[in-house]
Amino acid sequence: MKEMQLLDTGHLSLAANMALDAIIPQKVAAGSSPATLRFLQFRPAGALVGYHQDRGSFDNKTYLNLDLIAKTVRRLHAGSS
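From a predicted model like this one, the values you see are computed outputs, not experimental measurements. Within each chain, residue numbers correspond to sequence positions counted from 1 in written order. Per-residue local features are limited, in this predicted model, to residues with pLDDT of at least 70; the limit for side-chain atom pairs, both in listing and counting, is 80 or more; totals at the level of whole chains, interfaces and linings are taken over all residues. To obtain the side-chain values, all non-hydrogen atoms of the structure were included, while hydrogens and water were left out.

J.: Give a description of the overall build of the protein that names residues and reports values.
T.: Starting at the N terminus, helices and strands are each numbered in turn, a helix being any DSSP run of H or I of at least four residues and a strand any DSSP run of E of at least two. If you tally the helices and strands in the protein, you get one helix and four strands. Here's how the labels work: a residue is buried when its accessible area is under 20% of the maximum for its type, exposed when over 50%, partly exposed in between, all with a 1.4 Å probe on protein chains only. Counting the 81 residues in the protein, one finds 19% classified as buried. The contact rule is simple, with two residues in contact once any of their heavy atoms fall within 4.5 Å. Contacts in the protein between residues far apart in sequence, at least 24 positions, make up 66% of those at least 6 positions apart. Carbon and sulfur atoms form 56% of the exposed surface of the protein, whose accessible area is close to 6000 Å². Using a 1.4 Å probe, accessible areas were evaluated by the Shrake-Rupley method; residue-level cover was limited to the displayed protein chains.

J.: Which residues make up unusual backbone geometry, and what are the values?
T.: With omega at 0 degrees, the peptide bond leading from Arg-43 into Pro-44 counts as cis. Inspection of the secondary structure puts Pro-44 in the loop between β2 (35-42) and β3 (47-49).

J.: I'd like a description of the environment of Gly-10, backed by residues and values.
T.: Position of Gly-10 among the secondary structure elements: in strand β1 (residues 4-12). The sequence separation of Gly-10 and Phe-42 amounts to 32 residues, and the corresponding C-alpha distance is 8.2 Å.

J.: Go over a nonpolar patch on the surface, please, and point to the residues and values.
T.: On the surface, Met-4, Leu-6, Leu-37 and Phe-39 cluster together to form a nonpolar patch covering roughly 440 Å² of accessible area. Looking at the nonpolar patch, the elements with two or more residues in it are β1 and β2. Within the secondary structure layout, Met-4 lies in strand β1. A residue counts toward a patch only above 30% relative accessible area and without a salt bridge, and it is joined to like-charged neighbours within 9 Å or, for Val, Leu, Ile, Met, Phe, Trp and Tyr, to nonpolar neighbours within 5 Å. Salt bridge, as used here, is a side-chain nitrogen of Lys or Arg placed within 4 Å of a carboxyl oxygen of Asp or Glu.

J.: Lay out the pattern of salt bridges in plain terms, naming residues and giving numbers.
T.: Within the structure shown, the criterion is met by one salt bridge. A salt bridge links Arg-38 to Asp-21, with the nearest nitrogen and oxygen atoms 3.0 Å apart. Of this pair, Arg-38 sits in strand β2 while Asp-21 sits in helix α1 (residues 14-29), placing them 17 residues apart in sequence. For the pair Arg-38 and Asp-21, a shared accessibility class is recorded, and that class is buried.

J.: A description of the side chain of Arg-38 should follow, citing residues and the corresponding values.
T.: By relative accessible area, which is 12% here, Arg-38 ends up buried. A 3.5 Å cut-off defines polar contacts: any pair of N or O atoms within that distance qualifies, except that in protein one atom must be a possible hydrogen donor and the other a possible acceptor, and neighbouring residues in sequence count only when both atoms are side-chain atoms. A polar contact is formed between the side chain of Arg-38 and the side chain of Asn-17, at a distance of 3.0 Å. Side-chain polar atoms of Arg-38 contact the side chain of Asp-21, separated by 3.0 Å. Filtering out sequence-adjacent residues up to four positions away, Arg-38 remains in contact with Leu-7, Asn-17, Leu-20, Asp-21 and Ile-24.

J.: Can you explain the confidence of the model for the protein? Please cite residues and give values.
T.: Caution applies to low-pLDDT parts of the model: their predicted coordinates are not meant to be read in detail. Known as pLDDT, the predictor's per-residue confidence is scaled from 0 to 100. Averaged over every residue, the pLDDT of the protein is 76; residues scoring 70 or more account for 64%. When the elements of the protein are averaged for pLDDT, strand β4 (residues 72-74) gives the smallest value, 59, and β1 the largest, 94.

J.: How would you sum up the environment of Leu-40? Please name residues and give values.
T.: Looking at the element boundaries, Leu-40 is found in strand β2. Residues Leu-40 and Leu-7 lie 33 residues apart in sequence; the distance between their C-alpha atoms is 9.0 Å. Sequence-distant contacts of Leu-40, that is, excluding residues within four places in its chain, are made with Asn-17 and Met-18.

Here is the structure:
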């Protein structure tokens, strides 16, 4: 079985979470870090929009009112599992 790590950084800003989102796959690909399962928590509150998601496609009344959240960020990559 491959080695894996669990990473729970607690509450981070959107920018800090996206910085980790960019660096972790690079470290894994380089072999300097094992595969990583990471839990994301945002403070202040924010919304993370998927790479292939259209921000305008959210139904603000039934899902999430993005206009009430100060910041939204788009993922830099589609991710993989």
